[in-house]
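Remarks on the overall topology
For reference, the chains in residue letters:
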Amino acid sequence: MAYSNKVIDHFQNPRNVGTLDKASKSVGTGLVGAPECGDVMRLQIEVDDATGVIRDAKFKTFGCGSAIASSSLATEWLKGKSVDDALKIDNMDIVEELALPPVKIHCSVLAEDAIKAAITDYKKKNGVEVADEATVA
Amino acid sequence: MGVRKIYLDNNATTPCDPRVVETMVPYFFEHHGNAASRNHPFGWEAEEAVDYAREQIAKLINADEKEIIFTSGATESDNLAIKGVYEMYSRKGNHIITVKTEHKAVLDTCNKLEKHGAEITYLDVQADGLINLAELETAIKPNTIMVAVMWANNETGVIQPMKEIGQICEKHGVLFFSDATQAVGKIKTHPRDVGVHLMAFSAHKMYGPKGVGALYVSRKNPRVKVTAQLDGGGHERGMRSGTLNVPGIVGFGKAAEIAMQEMDQDAARLSALRDKLEQAFLHEMEEVYVNGNVAHRMPHVANISFKHVEGEGLMMTFNQEIALSSGSACTSASLEPSYVLVALGLGDDLAHSSLRFSLGRFTKEEDVNYAIEAIKKGVNHMRDISPIWEMYKEGVDLTKIEWAAH
Ligand SMILES: Cc1ncc(COP(=O)(O)O)c(C=O)c1O
Ligand code: FES
């Protein structure tokens, strides 16, 4: 199976690879997946406490090319979004943008889970109530 | 200058040797006859060519020409051997012993028979991929008709103790079938020497064409028979109907002849290259593991796990230039990691991180040198973006993390 050009681009030039200080109150960290399943994604957001806007986003991913591209794309989309808007990112948006084939849809699900987990972590740290089902990590 | 293309996936299929191609060409047009046409020169020529190929192949495995049945490949040979013996010997028993690391062509055939009343024992392997001989012997029962153990494994290259298995089968009077697809033409595979009664192999794994294979069936001491699985014109002494693939068989024969002459030198050259590749990773990188027994292994194969890196992603760093395989789930339609590596007891995480290198007759030293550098670079890059590599480097015990299973 051949990869789409967008997957290849994100894979070859991943955006926003790295690590934010997970102890910082303005950073939310989402760690999803498991090594046994062949995919682990860590996505972090740094939120401007005053405006609620995501200032920075970083990821590291253990997984296939589509998982890496999905997380790279997610960090691009997150930057500049409000936390509430970020929650609206749907895995199917990622599937569409990257033209992922059906067998790779779960890689995009993982990215959506990672976004939600990072936001949940941020909210928890800052004393905001979170609905239980969003707690993915 | 085009992109460099390095093929290190010879266990999937080998290139057809140009000398083989050359011998095949006349049999498509000039000598296009049907080997079963008894009444004109076109048929005679074809039959003669097939007979000659049969001789070349028989010589390679030190068998009699009459013991070679041509098929469409190892998958068909596996099916014919297992189903054919099961049907032919049904009065003697219904129990077959095989191994969890066999090729799907063997395992799925056994699964199918299980649904039709067969009793199948799937032996475990040890951590090095070898079967436990004592376990094999205790698994044999009065209703056991056959033991099916592959000569060499396609993923790890591990070679089973054929002679010892043959002795156990002989002692208990059961048939011994071996899928030797990965071994024939690359190492010495003489079925009679080790007590193998049926042996499957395929031309496209030994520098011959795709779509042609053979089943060796012992004709004396013991005389083994299989029930045909294809009904028709009764070709191949009634065991496999269907017009023979004459050009394919001619190529298969030539491939066998070349293998016989060049096997030893190929093996010596390739094992040196394989060792160089393996040592480069083991010595210059951390957390690299070789899978399977390294003392009982095909000379051209290495199966290596690069921990904390996922195989498909890793391959994407170099797959425009280097072709190889991974045991990672992400490369398989089922999203399960390699069942062969899992049977060796590898954690799923190591199975996901594995690459299979299989060198071949046309692999050059510079290809291996290039691959070493490209793969080291790829692994380092993937580790830089791997969260679990970061945790490992920070001393986090990954087994203590509560991962969200999904
Ligand atoms: C061990 C083994 N058995 C059987 C097969 C199937 O061979 P063929 O492609 O000739 O059907 C293969 C090749 O994939 C193999 O490696
Ligand atoms: S991470 Fe396994 S298929 Fe994408």
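Residues numbered from 1 in each chain as written. Chains lettered and ligands numbered in written order. Predicted model: local features only at pLDDT ≥ 70, side-chain atom pairs only at ≥ 80, totals over all residues. Heavy atoms only, no water.

**Details of the nonpolar core**
The condition that has to hold: Definition of nonpolar core: a set of buried residues of the types Ala, Val, Leu, Ile, Met, Phe, Trp, Tyr and Cys, connected through side-chain atoms within 4.5 Å. Type-normalised accessible area, obtained with a 1.4 Å probe on protein chains alone, sets the label of each residue: buried when under 20%, exposed when over 50%, and partly exposed for intermediate values. What counts as a helix is a DSSP run of H or I of at least four residues, what counts as a strand is a run of E of at least two, and both are numbered from the N terminus. What makes two residues a contact is simply this: any of their non-hydrogen atoms within 4.5 Å.
Formed by 64 residues in total, the largest nonpolar core has its most connected members in Ile-45 of chain A together with Phe-281, Phe-306, Phe-357 and Ile-375 of chain B. Ranked by residues supplied to this core, first place goes to helix α5 (residues 105–125) of chain A with 9 residues. Non-local contacts of Phe-281 of chain B, meaning those with residues more than four positions away in its chain, are made with Val-288, Ile-304, Phe-306, Phe-357, Ile-372, Ile-375 and Lys-376 of chain B. With 63 residues, the next largest nonpolar core counts Ile-68, Val-194, Met-263 and Val-340 of chain B among its residues.

**Quick notes on the packing of aromatic side chains**
Residue and element names in this part refer to chain B. What counts here: Working definition: rings of Phe, Tyr and Trp (its six-membered ring) pair if their centres are within 6.5 Å, and the pair is stacked with planes under 30 degrees apart, edge-to-face with planes over 60 apart, and tilted otherwise. Comment: the charge-over-ring label is applied if NZ (Lys) or CZ (Arg) is within 6 Å of the ring centre and within 35 degrees of the ring normal.
For the structure shown, the criterion picks out 6 aromatic pairs over all chains. With a centroid separation of 5.3 Å and an interplanar angle of 40°, the aromatic rings of Trp-389 and Tyr-392 are classed as tilted. Linking Trp-389 with Tyr-392, this pair stays in helix α13 (residues 387–393), spanning 3 residues, or about one helical turn. Residue Tyr-392 is classed as partly exposed on the basis of its relative accessible area of 27%. Across the ring face of Trp-389, the terminal group of Arg-383 is positioned such that the distance to the ring centre comes to 4.2 Å.

**Section: the interface of chain B and chain A**
Inclusion rule: Here the quantity called buried area is the total loss of accessible area, with a 1.4 Å probe, experienced by two parts when brought into contact, counted for both. Any carboxyl oxygen of Asp or Glu that lies within 4 Å of a side-chain nitrogen of Lys or Arg is treated as forming a salt bridge with it. Whenever two N or O atoms come within 3.5 Å, that pair is a polar contact, provided that in protein one can donate a hydrogen and the other can accept it, and provided that, for residues adjacent in sequence, both atoms are side-chain atoms.
On the side of chain A, 29 residues touch chain B, which itself brings 26 residues to the contact. Note on chain B versus chain A: buried area summed over both sides is about 2500 Å², and carbon and sulfur give 68% of it. Linking chain B to chain A there are 3 salt bridges. For Arg-42 of chain A, the salt bridge identified is with Glu-390 of chain B, shortest N-O distance 2.8 Å. At the surface where chain B touches chain A, the tally comes to 9 residue pairs in polar contact (both at pLDDT 80 or more). When contributions to the side of chain B that touches chain A are tallied by element, the ones reaching two or more residues are α9 (311–316), α11 (348–352), α12 (365–384) and α13 of chain B.

**Quick notes on the pairing of strand β13 (residues 354–358) of chain B**
Residues and elements named next belong to chain B. Our working rule: DSSP-based pairing: two strands are paired if at least 2 bridges between them are found.
Buried residues dominate β13, accounting for 5 of its 5 residues. In β13, alternate side chains face the same way, and those of Ser-354, Arg-356 and Ser-358 on one face and Leu-355 and Phe-357 on the other are all buried. Inspection of the sheet shows strand β10 (residues 301–306) paired to β13 by 5 bridges, in the antiparallel sense. Counterpart to Ser-305 in the pairing with β13 is Ser-354. With 2 bridges connecting them, strand β12 (residues 325–326) and β13 associate as antiparallel partners. Paired with Ser-326 across the bridge in β13 is Leu-355.

**Some details on the packing of helix α2 (residues 41–60) of chain B against helix α8 (residues 246–284) of chain B**
Residue and element names in this part refer to chain B. Condition: Each axis is a line fitted through C-alpha atoms, taken for helices only over the stretch in contact, and angles between the N-to-C directions span 0 to 180 degrees. Roughly parallel covers angles under 35 degrees, roughly antiparallel covers those over 145, roughly perpendicular covers 65 to 115, and oblique covers all other angles. The handedness criterion is simple: a crossing whose near helix is rotated anticlockwise from the far helix by less than a right angle is left-handed, and one whose near helix is rotated clockwise is right-handed.
Close contact between α2 and α8 brings their axes to 8 Å; oriented N to C, the two are set at 30°. Regarding the angle of α2 to α8, the classification is roughly parallel. Of the two elements, α2 crosses α8, and the hand of that crossing is left-handed. Here α2 contributes Ala-46, Ala-49, Val-50, Tyr-52, Ala-53, Gln-56, Ile-57, Lys-59 and Leu-60 to the contact with α8, which in turn contributes Val-246, Ile-249, Val-250, Phe-252, Gly-253, Lys-254, Ala-256, Glu-257, Ala-259, Met-260 and Met-263.

**A word on the sheet that holds β12 of chain B**
All names here are of chain B. The strand order across the open sheet built from 4 strands is β9-β10-β13-β12, with neighbouring strands paired in antiparallel fashion. Sheet topology places β9 (288–290) and β12 at the edges, where each strand pairs with a single neighbour. The pairing of β9 with β10 spans 3 bridges and is classified as antiparallel. Its bridge partner lying in β10, Tyr-289 is registered against Ser-305. Sitting on the sheet, α8 is in contact with β9, β10 and β13, with an inclination near 10° to β10.

**Observations regarding the sheet that holds strand β2 (residues 68–71) of chain B**
Residues and elements named next belong to chain B. Strand order in the open sheet formed by 7 strands is β2-β8-β7-β6-β5-β3-β4, and the pairing between neighbours is mixed. At either margin of the open sheet sits one strand with a lone partner, and together these are β2 and β4 (119–123). Between one strand and the next, the sheet's axes are offset by a mean angle of 20°, whatever the strand orientation. Alignment of strand β3 (residues 95–99) against β4, held across 5 bridges, turns out to be parallel. Across the sheet, the residue bridging to Thr-98 is Tyr-122, located in β4. Sheet strands touched by helix α3 (residues 74–88): β2, β3, β5 (144–148), β6 (175–179), β7 (198–202) and β8 (213–217). Its angle to β7, the strand with the most contacts, is close to 160°.

**A word on α5 of chain A**
Selection rule: By this rule the span expected of a helix is its residue count minus one, scaled by 1.5 Å.
Over its 21 residues, α5 of chain A runs 31 Å from end to end, which matches the ideal 30 Å to within 8%, given 1.5 Å per residue. Phi for Gly-127 of chain A, located one or two positions after α5 of chain A, is positive at around 70°.

**Points about the side chain of Glu-155 of chain B**
Residue and element names in this part refer to chain B. Applied cut-off: Counting rule applied: Lys, Arg positive; Asp, Glu negative; His and chain ends not counted.
For Glu-155, the location among the structural elements is in the loop between β5 and α6 (162–172). Put simply, Glu-155 is tucked away with no salt bridge, and the nearest opposite charge, on Arg-356, sits 6.2 Å away. Beyond its immediate sequence surroundings of up to four residues, Glu-155 is in contact with Val-301, Asn-303, Ser-338, Val-340, Leu-341 and Arg-356.

**Topic: a negative patch on the surface**
Rule in force here: Distance thresholds for patches are 9 Å for like charges and 5 Å for nonpolar side chains (Val, Leu, Ile, Met, Phe, Trp, Tyr), applied to residues having over 30% relative accessible area and no salt bridge. Calculation of accessible area relied on Shrake-Rupley with a 1.4 Å probe; when residues are assessed, cover is drawn exclusively from the protein chains displayed. Note that the charge is assigned to NZ on lysines, CZ on arginines, CG on aspartates and CD on glutamates.
Taken together, Glu-30, Glu-45, Glu-48, Asp-51, Glu-55, Asp-64 and Glu-65 of chain B make up a surface patch of like negative charges. Topologically, Asp-51 of chain B is positioned in helix α2.

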